[in-house]
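Here is what each chain is made of, one letter per residue.
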Amino acid sequence: MENEGENKINKQEAQSVTLDNGGEVAPVLIAPKKRFPLIRSISARTTVNYYVFAVVILLLFYAMFFAGLYIVYDRMMEYETERIERSAETGFPVRLDDYSFNVVYRRRLVEIARSNKPVAIAVFETVGDGYDVCLIVDDMGNGLSENSDLFNSVMDKLDFSAVFKSKKIYMADTPFGTYMCKGSAHTTDSGTAYLLVMKPYDMWNNQTLKMVYVLLVCTVIVLALACVFAFFASRHTTKYLKDFSQKAKRVAEGDYNVKFSGSGYSEYENLATALNAATQNMQKAENLQRDIVANVSHDIRTPLTMIRAYAEMLRDMPMNDEKREKTANVIITEADRLTSLVGDVLDYSRMQSGVTEYKFEDYDLSDVALSVLEKFEPMCERDGIKLLREIDNNASVTCDRQKIEQVFYNLLGNAINYCGDDKTVILRIKKQEQCVRVEVEDHGAGIEQSDIENVWDRYYRSPHATRRVVGTGLGLSICKSVLSAHNAEFGIISEIGKGSVFWFELRVQS
């Protein structure tokens, strides 16, 4: 029996389905469901993000408001209580039974209480374990008696030493509410009298509740405005992405005439520039592919026709040895052409895919060049082309021999194809201090200065170019890839009517 664990399928990734397949159970993988299917568009998610952002900001504001309210209210109450206490203790009388206390000081305390509502002020002395109340006033000027339930409740909760000796503000929780107390001791003719200011600590008073009510109304208004802003802002921001998406679909369908626009936003402008460049490259790539297919199809047809015709001649016609050899040579030459065509296409494909490997070793570049020149000699003799050499010996460089041979072959082949009326091609190899310079010169029609930078481009097709020989037209693009991989300097010097010089420089042997 097979291990059951081997037949299990991750429930998050697939489901097991039993099929009638010759008695065997075939697991069928089913794609997992996508999460959050209701919020798929960028516009909707952006709107939700704006909503969440607004709510978070309001929550933070509320937290800061209430935290600040507690802190500020405490500080304000402490300040008010201390200020009232300092005002009340000013002019405290020495005698508590004369006219100044009973009339003048009483009126002063009433005025202080009325101008600092709500507050209660008491003057008392200690008698044994109790208190002898001399005066109690409230913010209405009432209660000018020696008995008060409020005073008794506060004194039951009060830390006498902390208030009158350490002069600290004390919070007293009484049945009448919480009171913030501040007191002072004064020397009189009968001993020590005490002044106590009692201010109600009621943070959630009418004023505070009005502030909270206003805050709630403002919150509703802000949320409503935030929703409206989020709705329009998200659509304004994402409408360009929608436009990009629609145009990208058209590009995917093969419409390369689409133009992307960033509408003034730097990020969108950069994206539009990149997409426009990509679209142009895709169009050029498609044109190049079409040209390559057409060129290769045309170029393959000719040698295949020649091979077939001469092969039929070998089969059907009686020939002597000399004629048979010539016929076989034609077949071999045309087969070599086919091999060269296929080789160019394969090399170009490998280089563009990045799978080409390079083996760098030290070689004498003059030997590499001479080995390539030998391959061109029969063709040059046949067509009357003069292949001149200006080659320094012992020009050692570090390179991939096979790839550099390909560069020589392509550059020489290109020069021979466009050598001009004098049918002269010059190959120069010059040793320099840090490099070896190679030049391939022809005396053809030359290249326009505006086109020189585009000659190496894999997508470039000159409108003035003519097909002189069989070939895919990929030679110079292959040269550019090989020389770039060697970190070589390369370029073209050309003048209309006088010809062109293709050159490159390889570093000397290290």
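Residues numbered from 1 in each chain as written. Predicted model: local features only at pLDDT ≥ 70, side-chain atom pairs only at ≥ 80, totals over all residues. Heavy atoms only, no water.

Asks: Just to check I follow, could you spell out the pairing of strand 11 (residues 489-495) for this structure?
Replies: Side-chain positions along a regular strand alternate between the two faces of the sheet. In this sheet, strand 12 (residues 499-507) lies alongside strand 11 in antiparallel orientation, the contact comprising seven bridges. Bridge pairing in strand 12 places glycine 491 opposite tryptophan 503. Between strand 11 and strand 12, which pair antiparallel one after the other, the connecting turn spans three residues, and glycine 497 there sits at a positive phi close to 85°. (Pairing = 2+ DSSP bridges. Helix = DSSP H or I, 4+ residues; strand = E, 2+ residues; numbered from the N terminus.)

Asks: Help me understand the nonpolar core in this model?
Replies: Within the largest apolar cluster, 42 residues are counted, with the highest numbers of intra-cluster contacts made by Leu365, Phe408, Leu412 and Leu427. Not counting the four nearest positions on each side in its chain, leucine 412 is found in contact with Val372, Leu373, Phe376, Leu387, Val425, Leu427 and Val440. Judged by nonpolar contacts, the second largest core, of 19 residues, contains Ala88, Ile112, Leu135 and Val137. (Core = buried A, V, L, I, M, F, W, Y, C linked by side-chain atoms within 4.5 Å. Buried < 20%, exposed > 50% of the residue type's maximum accessible area, 1.4 Å probe, protein only. Contact = heavy atoms within 4.5 Å.)

Asks: Would you mind showing me how to read the sheet that holds strand 7 (residues 386-391) here?
Replies: Sheet strands associate in pairs through backbone hydrogen bonding, adopting either a parallel or an antiparallel arrangement. One open sheet accounts for five strands, arranged 7-9-10-12-11; its pairing is mixed. The open sheet has two edge strands with one neighbour each: strand 7 and strand 11. When strand polarity is set aside, the average angle formed by the axes of neighbouring strands in this sheet is 15°. Taken together, the eight bridges between strand 10 (residues 435-442) and strand 12 define a ladder with antiparallel strand orientation. Within strand 12, the residue paired with arginine 437 across the bridge is glutamate 505. (Axes fitted to C-alpha atoms, helices over the stretch in contact; angles between N-to-C directions.)

Asks: I'm lost on the sheet that holds strand 3 (residues 170-174) in this one. Help?
Replies: Here five strands make up an open sheet; going across it, the order is 2-1-5-4-3 and the pairing antiparallel. Two strands in the sheet have a free side with no partner beyond their single neighbour: strand 2 (130-138) and strand 3. On average, each strand axis in the sheet is tilted by 30° relative to the strand beside it, whichever way the strands run. Of the strand pairs in this sheet, strand 1 (residues 120-127) and strand 2 are connected by eight bridges, and their pairing is antiparallel. Among the inter-strand pairings, valine 123 is bridged to a residue of strand 2, identified as leucine 135. Contacts from helix 2 (residues 99-114) reach strand 1, strand 2 and strand 5 (191-200) within the one sheet, and its direction differs from that of strand 2 by about 60°.

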